[in-house]
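Secondary and tertiary structure notes
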Amino acid sequence: MRIVDTHLHLIYRDRFSYPWLAHVPALNRQWDAPSYWDEARALGIDAALHMEVDVLPEQAEGETRFVLDLDGVVGAIAQGHPEHSDFPAALERLAAMGSVRGIRRLLQSDPDELSRSEGFRANVQRLAAHDMTFDLCVQSRQLPVARELAAACPDVQFVLDHCGNPLIATGDIAQWRIDLAALAELPNVAGKVSGIVNHAPSTWDAETLRPAVEHVIESFGWDRVVWGSDRPVCVPNSGLTRWVEATKAIVAGASKDQQDALFSRNAELIYRPR
């Protein structure tokens, strides 16, 4: 089965600064493209979209230019800051790179009001003119905030990272189920099956993750879901191979067409990689 990875992080500590890594010792090292492809190609992954890795803002454009020249990277979701007045100029520079398929502004650690400002939303709406997506990375409690933003920018394609970060380890997902289904009602939002192992107990298996993954697919439908590895962030509680095998086990009962949609076809339609 062919897989397009829509959420690959590459860490080049010899080139860029990642302040957040100081708090995650297990990840605080080099995670380069060759080491990824050594494992990924054996699993059927033949293309990847690079997801920004929260480098220092002044290094963000350099990160994007660098990864676009790496083997197997067919597009990038770049770091962006729609709250800044210079965002329009930054967006034009990203668009000129040719293979930037979207932006991400991490919202999970910032005040909910950030994405509610008129300036933020007006700048996000500029993505539509460039056929760029906006990846939503929020805490599960922030799903209603994400819905507000997506509803305010109906011409922009949004992608919800990590299934909306359900708290699988605690079992407290009842409200997440409600809020995710509400977000999925918006036709301009897709769901990304990725990152949930970070919220699972260390003893997780495919059945632990199944309720969350199946709810995402049921809510968005097979034509609005994509798959992502979240490598290397997934590594401490999973590893790439374990996550790929678990996802395949969860959707084993689906048709080949449905599986192809999740693992590759939708990625090409939503992100339109080169």
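Residues numbered from 1 in each chain as written. Predicted model: local features only at pLDDT ≥ 70, side-chain atom pairs only at ≥ 80, totals over all residues. Heavy atoms only, no water.

Observations regarding the nonpolar core
Among the nonpolar cores identified, the biggest contains 81 residues, and Y36, I45, L127, F134, F158, L209 and W227 are the most heavily contacted of them. With seven residues, helix α7 (residues 206–220) is the single largest residue contributor to this core. Within the second largest apolar cluster, 12 residues are counted, among which are M51, V159, A267 and Y271. (Core = buried A, V, L, I, M, F, W, Y, C linked by side-chain atoms within 4.5 Å. Buried < 20%, exposed > 50% of the residue type's maximum accessible area, 1.4 Å probe, protein only. Helix = DSSP H or I, 4+ residues; strand = E, 2+ residues; numbered from the N terminus.)

Examining the pattern of salt bridges
As enumerated under the stated definition, the model contains 20 salt bridges in all. Here D112 and R141 are joined by a salt bridge, their closest N and O atoms 3.1 Å apart. Of this pair, D112 sits in the loop between β4 (100–104) and α4 (118–125) while R141 sits in the loop between β5 (133–136) and α5 (143–152), and the two are 29 residues apart along the sequence. In this structure, R116 and E148 form a salt bridge, with 2.8 Å as the shortest nitrogen-oxygen distance. Pair noted here: R116 is in the loop between β4 and α4 and E148 is in helix α5, with a separation of 32 residues, a long-range link. On the basis of relative accessibility, which here comes to 33%, the residue E148 falls in the partly exposed class. (Salt bridge = Lys/Arg side-chain N within 4 Å of Asp/Glu carboxyl O.)

So, the pairing of strand β6 (residues 157–160)
Alignment of β5 against β6, held across four bridges, turns out to be parallel. In the strand pairing of β6, L136 is matched with L160. As defined by bridge partners, β6 adjoins strand β7 (residues 189–193) across three bridges and the pair is classed as parallel. Among the inter-strand pairings, F158 is bridged to a residue of β7, identified as V189. Each parallel crossover has a hand, and the one from β6 via helix α6 (residues 174–184) to β7 is right-handed. (Pairing = 2+ DSSP bridges. Right-handed = clockwise from strand over helix to strand, strands pointing away.)

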